[in-house]
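Summary of the model geometry
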Amino acid sequence: MTVLQQSLATGDVIYKRFSFLPPGLVALEEESDAVQCHTRPVVHPGIMGIDMKKELIAAVLLAVIFAGVMLNIRASEKIVSSLMSEVDAAYAQLKSGDSKSAAETLDKAIEHWLTLDGYTHIFIRHSEINSTTEAFFQFRSDIGSGDADAAEGSYGLLSETLRSIMTMEQISLGSIF
């Protein structure tokens, strides 16, 4: 006979309409063609613990990323301020008429910039790296001429390019969203 027969069986879960009764004491309807095996408890005790662990791991990862961003900002500020002091010193030497010292000081700054290649190619946009490198070499070329007035424009360009790296790394609502 293909007509479904209904029988009563004890359930392993709480019947929601009778939530005041403990599990297993409520009669539930069972279809006659149901698989004949133990249904196991529907609520597994470890599920909520696993989800909470995942949320905790996600929160820890977000905290690590935020700390990394803050360290990157500090590192970029330190790098830019160091480079700016070398560039300013080179320009001051050039204005005082000592183009040889200015060239040596700027060569140290360029060497410093080029040794940071591994860091800059990871944390700074390539367009910023290229424009900064070009500004360094343009200023170096103008220092080679020995004319402080001619080097003023390339000095200003290099200074603004370095400052743009520092301001680009600052956290703002636009950089987050």
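Refer to the structure printed above.
As the structure is a computational prediction, the values presented were derived from the model and not from experiment.

What about the overall build of the protein chain?
When its secondary structure is counted, the protein chain shows six helices and two strands. Counting from the amino terminus, the protein chain carries its helices and strands in the arrangement β-β-α-α-α-α-α-α. Counting across all 177 residues of the protein chain, residues that qualify as buried make up 25%. The long-range fraction of contacts in the protein chain, counting pairs at least 24 apart against all pairs at least 6 apart in sequence, stands at 61%. Carbon and sulfur atoms make up 62% of the accessible area of the protein chain, which totals about 12400 Å².

Observations concerning the packing of helix α4 (residues 126–145) against helix α5 (residues 148–168)
A pair of packed helices can be characterised by two numbers: the angle between their axes and the separation between those axes. Put simply, α4 and α5 touch, their axes get as near as 8 Å, and they point 155° apart. By the angle between their directions, the pair α4 and α5 is classed as roughly antiparallel. Like other packed secondary-structure pairs, α4 and α5 cross with a definite hand, here left-handed. Of the residues in α5, those touching α4 at E128, S131, T132, A135, F136, Q138, F139, D142 and I143 are A150, A151, S154, Y155, L157, L158, T161, L162, S164, I165 and M168.

A look at the packing of aromatic side chains
Under the criterion given, the structure shown has four aromatic pairs. Note on F139 and Y155: the rings are 5.7 Å apart at their centroids and 45° apart in plane angle, and the pair reads as tilted. Residue F139 is found in helix α4, and its partner Y155 is found in helix α5; the two are separated by 16 residues along the sequence. Just as F139 is buried, Y155 falls in that class too. Members of the aromatic cluster, joined through ring pairs, are Y91, F139 and Y155.

So, the environment of N72
Position of N72 among the secondary structure elements: in helix α1 (residues 45–95). Here N72 falls in the buried class, since its relative accessible area comes to 11%. For the pair N72 and Y119, spaced 47 residues apart in the sequence, the C-alpha separation amounts to 9.8 Å.

How each quantity is defined
Residues numbered from 1 in each chain as written. Predicted model: local features only at pLDDT ≥ 70, side-chain atom pairs only at ≥ 80, totals over all residues. Heavy atoms only, no water. Helix = DSSP H or I, 4+ residues; strand = E, 2+ residues; numbered from the N terminus. Buried < 20%, exposed > 50% of the residue type's maximum accessible area, 1.4 Å probe, protein only. Contact = heavy atoms within 4.5 Å. Areas by Shrake-Rupley, 256 points an atom, 1.4 Å probe, with all protein chains shown as cover. Axes fitted to C-alpha atoms, helices over the stretch in contact; angles between N-to-C directions. Parallel < 35°, antiparallel > 145°, perpendicular 65-115°, else oblique. Left-handed = near helix turned anticlockwise from the far one by under 90°. Phe/Tyr/Trp six-rings, centres within 6.5 Å; stacked < 30°, edge-to-face > 60°.

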